[in-house]
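Architecture at a glance
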Amino acid sequence: MSEQSTITFVRTTPQIARITFENPPVNLIVGETVRRLDEITRELEADPEIQVVVFDSSTPDFFFNHFDLAAAAEFPTPEGEGAVPIWTDIVLRLSKAAYITIASIRGRTRGGGNELTLALDLRYASREKAIFGQPEVGGGLLPGGGGTERLPRFIGRDRALEVILSSDDYDADTAERWGWVTRALPDSELDGFVDTMAARLASFDRTSLASAKAMVNRASLPPDADLVTAYGEFAHSLTLPGFLSRAAGFEAFAAQLGLDLEYKLGEYLGMANRQA
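Computed from a predicted structure; not experimentally measured.

1. What to know about the overall build of the chain
Each helix and strand in the chain was counted, giving eleven helices and ten strands. Across the 276 residues of the chain, 49% fall into the buried class. Put simply, 75% of the contacts in the chain that link residues at least 6 apart link residues at least 24 apart. Of the roughly 12900 Å² of accessible surface on the chain, 54% is carried by carbon and sulfur atoms.

This is how it looks when you write it as structure tokens:
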């Protein structure tokens with residue numbers, strides 16, 4: 001029996017597609033997620049009609065979450081010396097794709113999920129339900145998917161440092177005010193707004209859209225090499241004592257208190273570290 005996918009891909013019109021994350025209960029990124037996303041983005045690159053791709057989630061309370069480190073061995077690895085890590089390659093290709101990417105964010109998006117979202121072109125968030133964070137440092141790790149490269153460009157150096165160093169959670173109003181997301185909307189208006197924006201962009205000339213995006217990219221994207229380096233530093237941090245000791249202690253702390261980690265991860269990281 002084939003493996004059930006954590007991603008659903010639907011072509012809603014010849015010009016518009018939708019990628020939906022569905023890995024309940026908390027939409028963790030697993031090896032299959034990476035492989036399937038790689039397949040879909042490569043298919044879209046060869047598609048002469050696609051103009052807009054919308055990313056959303058079918059899992060309540062979660063948009064796209066962090067890596068499932070317990071299943072890290074299942075993540076695909078690049079072949080050949082000097083090959084770009086597959087996750088890094090995906091976020092780089094999405095940033096430069098000839099189509100426009102839109103995130104419709106309802107729920108928590110943290111770690112690698114937040115970094116994927118930062119690689120998309122337009123990010124629209126539910127004011128009541130969207131939550132953002134980069135929790136790696138609190139667990140003895142380093143961001144590796146572009147958070148340290150993209151966040152400073154969106155929200156400034158000092159705010160990026162606060163987000164990354166505190167490993168805390170941030171609501172949609174703060175994210176909008178800081179420039180982390182394109183705009184925050186009442187939850188009841190999010191779907192309609194995103195659908196209208198996607199249809200508007202799909203009605204424009206494809207070459208003009210792609211060319212305008214490429215021009216903005218020249219002024220705004222971090223160097224590819226910086227993201228490659230960051231992923232290597234993240235992978236190395238998985239082997240360091242700071243992560244290994246905190247991982248064991250954090251699991252024990254959570255089990256002792258019976259906490260639902262994924263709902264208040266930033267707060268629990270702080271509590272667990274203070275108990276260490």
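2. Quick look at the packing of aromatic side chains
Any aromatic ring pair is given by two values, namely how distant the centres are and how the planes are angled relative to each other. Enumeration according to the criterion identifies eleven aromatic pairs in this entry. Both rings, one in Y170 and one in W178, keep their centres 5.5 Å apart while their planes meet at 50°; by these two values the pair is tilted. By relative accessible area, W178 is classed as buried at 13%. Above the ring of F62, the side-chain terminus of R108 is found at 5.8 Å from the ring centroid. Directly above the aromatic system of F154 lies the positively charged group of R123, at a separation of 4.4 Å from the ring centroid.

3. Focus on the sheet that holds strand β2 (residues 16-21)
Sheet strands associate in pairs through backbone hydrogen bonding, adopting either a parallel or an antiparallel arrangement. Read across the open sheet, the six strands follow the order β1-β2-β3-β5-β7-β10; overall the sheet is mixed. The sheet is open, and its two edges are formed by β1 (7-11) and β10 (183-185), each paired on a single side. Across the sheet, the axes of successive neighbouring strands diverge by a mean angle of 20°, strand direction being ignored. Where β2 meets strand β3 (residues 52-57), six bridges bridge the pair, whose relative direction is parallel. Bridge pairing links A17 to V53 in β3.

4. Quick look at unusual backbone geometry
Here the residue pair P24 and P25 is connected by a cis peptide bond, since its omega of 10° sits within 30 degrees of zero. Along the chain, P25 falls in the loop between β2 and α1 (31-45). Residue D61 is not a glycine yet carries a positive backbone phi of 75°. Structurally, D61 is set in the loop between β3 and β4 (62-64). Residue classification places D61 among the partly exposed positions, given a relative accessible area of 37%. A positive phi angle, near 55°, is found at S167, a position not held by glycine. Within the element layout of this structure, S167 appears in the loop between α5 (157-166) and β9 (169-171).

5. What to know about the packing of helix α3 (residues 112-119) against helix α4 (residues 147-155)
Between α3 and α4, the shortest axis-to-axis distance is 10 Å and the interhelical angle comes to 55°. Our classification of the angle between α3 and α4 gives oblique. Here α3 runs over α4; the crossing is left-handed. Residues E115, L118 and A119 of α3 form the contact with α4, whose own contacting residues are G147, R150, L151 and F154. Of the residues that constitute the contact of α3 with α4, the class distribution is four nonpolar, one polar and two charged.

6. With respect to the sheet that holds β9
The strand order across the open sheet formed by four strands is β4-β6-β8-β9, and the pairing between neighbours is mixed. Looking at the sheet topology across the chains shown, the edges are occupied by β4 and β9. Averaged over neighbouring strand pairs, the angle between their axes works out to 25° when direction is ignored. Pairing of β4 with strand β6 (residues 108-110) involves two bridges; the strand directions are parallel. Paired with F64 across the two strands is T109, which belongs to β6.

7. Points about the pattern of salt bridges
In this structure the tally under the stated criterion is 17 salt bridges. Residues E39 and R36 are paired through a salt bridge, measuring 3.2 Å at the closest nitrogen-oxygen approach. One end of the pair, E39, and the other, R36, are both in helix α1, three residues apart, so they sit about a helical turn from each other. By relative accessible area, E39 is classed as partly exposed at 42%.

8. Focus on the pairing of β1
Pairing analysis gives five bridges linking β1 to β2, with the strands arranged antiparallel. Counted as the bridge partner of F9 is I19 from β2. Here β1 hands over to β2 after four residues, the two strands then running antiparallel side by side.

9. Topic: α1
Compared with the 21 Å implied by 1.5 Å per residue over 15 residues, the 22 Å span of α1 between its first and last C-alpha is a close match. For α1, the full list of buried residues reads G31, E32, T33, V34, L37, D38, I40, T41 and L44.

Calculation criteria
Residues numbered from 1 in each chain as written. Predicted model: local features only at pLDDT ≥ 70, side-chain atom pairs only at ≥ 80, totals over all residues. Heavy atoms only, no water. Helix = DSSP H or I, 4+ residues; strand = E, 2+ residues; numbered from the N terminus. Buried < 20%, exposed > 50% of the residue type's maximum accessible area, 1.4 Å probe, protein only. Contact = heavy atoms within 4.5 Å. Areas by Shrake-Rupley, 256 points an atom, 1.4 Å probe, with all protein chains shown as cover. Phe/Tyr/Trp six-rings, centres within 6.5 Å; stacked < 30°, edge-to-face > 60°. Lys NZ or Arg CZ within 6 Å of the ring centre and 35° of its normal. Pairing = 2+ DSSP bridges. Axes fitted to C-alpha atoms, helices over the stretch in contact; angles between N-to-C directions. Parallel < 35°, antiparallel > 145°, perpendicular 65-115°, else oblique. Left-handed = near helix turned anticlockwise from the far one by under 90°. Nonpolar A, V, L, I, M, F, W, Y, C, P; charged D, E, K, R; others polar. Salt bridge = Lys/Arg side-chain N within 4 Å of Asp/Glu carboxyl O. Expected span 1.5 Å × (residues − 1).

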